[in-house]
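Chains, contacts and geometry: an overview
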Amino acid sequence: MTAPVRTQGSQGTRGSEELIRAEEPVLAHNYHPLPVVVARAEGTWVEDVEGRRYLDMLAGYSALNFGHRHPALIEAAHRQLDRLTLTSRAFHNDRLAGFAERLAALTGMDMVLPMNTGAEAVESGVKVARKWAYDVKGVPADRATIVVAADNFHGRTTTIVSFSTDETARAGFGPFTPGFRVVPYNDLAAMEAAVDETTAAVLIEPIQGEAGVIIPEDGYLAGVRELTRRKGCLFIADEIQSGLGRTGRTLAVEHEPVVPDVLLLGKALGGGIVPVSAVVGRREVLGVLHPGEHGSTFGGNPLAAAVGTAVVELLETGEFQRRAAELGVILRDGLTGLVGKGVVGFRSRGLWAGVDVDPALGTGREISERLMREGILAKDTHGSTIRLAPPLTITAEELRGALAALEKALG
Ligand SMILES: *Cc1c(COP(=O)(O)O)cnc(C)c1O
């Protein structure tokens, strides 16, 4: 007797509606996904269990900057799967040094602290900044402060939601970690007033993604750099969503002549395959960590390092940054043409846009559902703002198709 051949995925013959219903009693309700059940994907396209195809205009919140299953990344992962997957940091592995060297060179930094998820990179950045404040700056024990911006999104751990201003993300999760000061984004005077001799770091997103792709005024990032240098505290840029090609540059801070002390990277660093994040910084800062003071069982594992190295190799070519910049013009022009036709305003940089839809036409959720019926997967941030962040591998034709579908969904 031979085993039956399955042409479908491992879920066999269960359809979308049945699978959605099956999640309800067994899956924690911390998400409200669009009613699409994805079974496979390639490049910019995903396919659901019934074989319907959709253009992915969310790209895993920028975790899929290189599209689904980029051949170079899949090959790197396969090769590594056949050799070595996990050692823990109790031993060295033969992939980590190369990954750290290439990532440091790509970002112009000295040292790399490998972690897994974005939230872990943020947590690690907070710990490193505090330790730097005590060991190097001389802040009295347990007095260090970190200045952050309102409407930030840095992840979901208890310490990170401690400095969130989103009540939905915070309510019911206290008590919170002290030591954070929140100032309005894009307001240098408020930041100046909040930074004092206890301040270890200013931690901001160069562009606030979850807040609706909020782009600060020209000069803000340079101002944060000048202020932090003058006041003697660190500038930590959370580039987990904005970085690695999305805005038309390797880093979003590069749109101004700005080099932070510490960069937080994640999402696309894992190539859409495994979670890979990192704190990247100057030797004077990351050098404060000594053996045993911080760690992660999975951080810097050989599979992550192999995929991360392949991601860095793709970015070294400059091709994806160039695509984001060039196609970003089509995105911006297309959205400009929709202003007054259902779009009340938008912000974009590279292949990244926050589109404010006329609330009279429906909530962001309703517009996302209408887009889904037009074959486009996108997600509202909050209110009536839709975030567009396609894979950087999208073609001009696909992008024009997405803009046409948006016009139809708003019509
Ligand atoms: C997604 C994100 C995080 C958190 O990353 P996770 O991998 O979800 O923990 C942190 N900062 C920013 C700016 C993000 O977009």
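Everything below is about the structure shown above.
To keep things clear, this report deals only with the structure shown in the data block. Quantities reported herein were computed from a predicted structural model and do not represent experimental measurements. (Residues numbered from 1 in each chain as written. Predicted model: local features only at pLDDT ≥ 70, side-chain atom pairs only at ≥ 80, totals over all residues. Heavy atoms only, no water.)

If you look at the biggest cluster of nonpolar residues, it comprises 77 residues, and the most contacted ones within it are Met191 and Leu388. Considering each element in turn, this core owes the most residues, 9 residues, to helix α11 (residues 302-316). Non-local contacts of Leu388, meaning those with residues more than four positions away in its chain, are made with Met57, Leu331, Leu335, Leu351, Trp352, Ala353, Val355, Ala378 and Leu406. In terms of nonpolar packing, the next biggest core, distinct from the first, is built from 29 residues, Met115, Val126, Ala129 and Leu203 among them. (Core = buried A, V, L, I, M, F, W, Y, C linked by side-chain atoms within 4.5 Å. Buried < 20%, exposed > 50% of the residue type's maximum accessible area, 1.4 Å probe, protein only. Helix = DSSP H or I, 4+ residues; strand = E, 2+ residues; numbered from the N terminus. Contact = heavy atoms within 4.5 Å.)

Relative to the helices and strands, Asp48 is located in strand β2 (residues 45-48). According to the relative accessible area criterion, Asp48 is buried, its value standing at 2%. At 2.8 Å, the side chain of Asp48 forms a polar contact with the side chain of Arg52. (Polar contact = N/O pair within 3.5 Å; in protein donor to acceptor, adjacent residues only side chain to side chain.)

So, about empty space enclosed by the protein. What the rule picks out here adds up to 1 cavity of 30 Å³ or more. Lining the largest cavity we find Met57, Leu371, Ile376, Leu388, Ala402, Leu403 and Leu406. Sorting elements by how many residues they give to the lining of the largest cavity places helix α14 (residues 396-410) first, with 3 residues. Looking at side-chain class alone, the lining of the largest cavity contains 7 nonpolar, no polar and no charged residues. (1 Å grid on protein atoms, 1.4 Å probe; cavity = no way out; pocket = protein on both sides within 12 Å on 5 of 7 lines; lining within 4 Å. Points joined across faces, edges and corners; volume = space filled by probe spheres on them. Nonpolar A, V, L, I, M, F, W, Y, C, P; charged D, E, K, R; others polar.)

What follows concerns the sheet that holds β2. Reading across from one edge, β1-β2-β3-β13 is the order of the 4 strands in this open sheet, with mixed pairing throughout. Whereas interior strands pair on both sides, the edge strands pair on one side only; in this sheet they are β1 (38-42) and β13 (376-377). Bridge analysis of β2 against strand β3 (residues 53-56) gives 3 bridges, and the strand direction is antiparallel. Bridge pairing links Val46 to Tyr54 in β3. (Pairing = 2+ DSSP bridges.)

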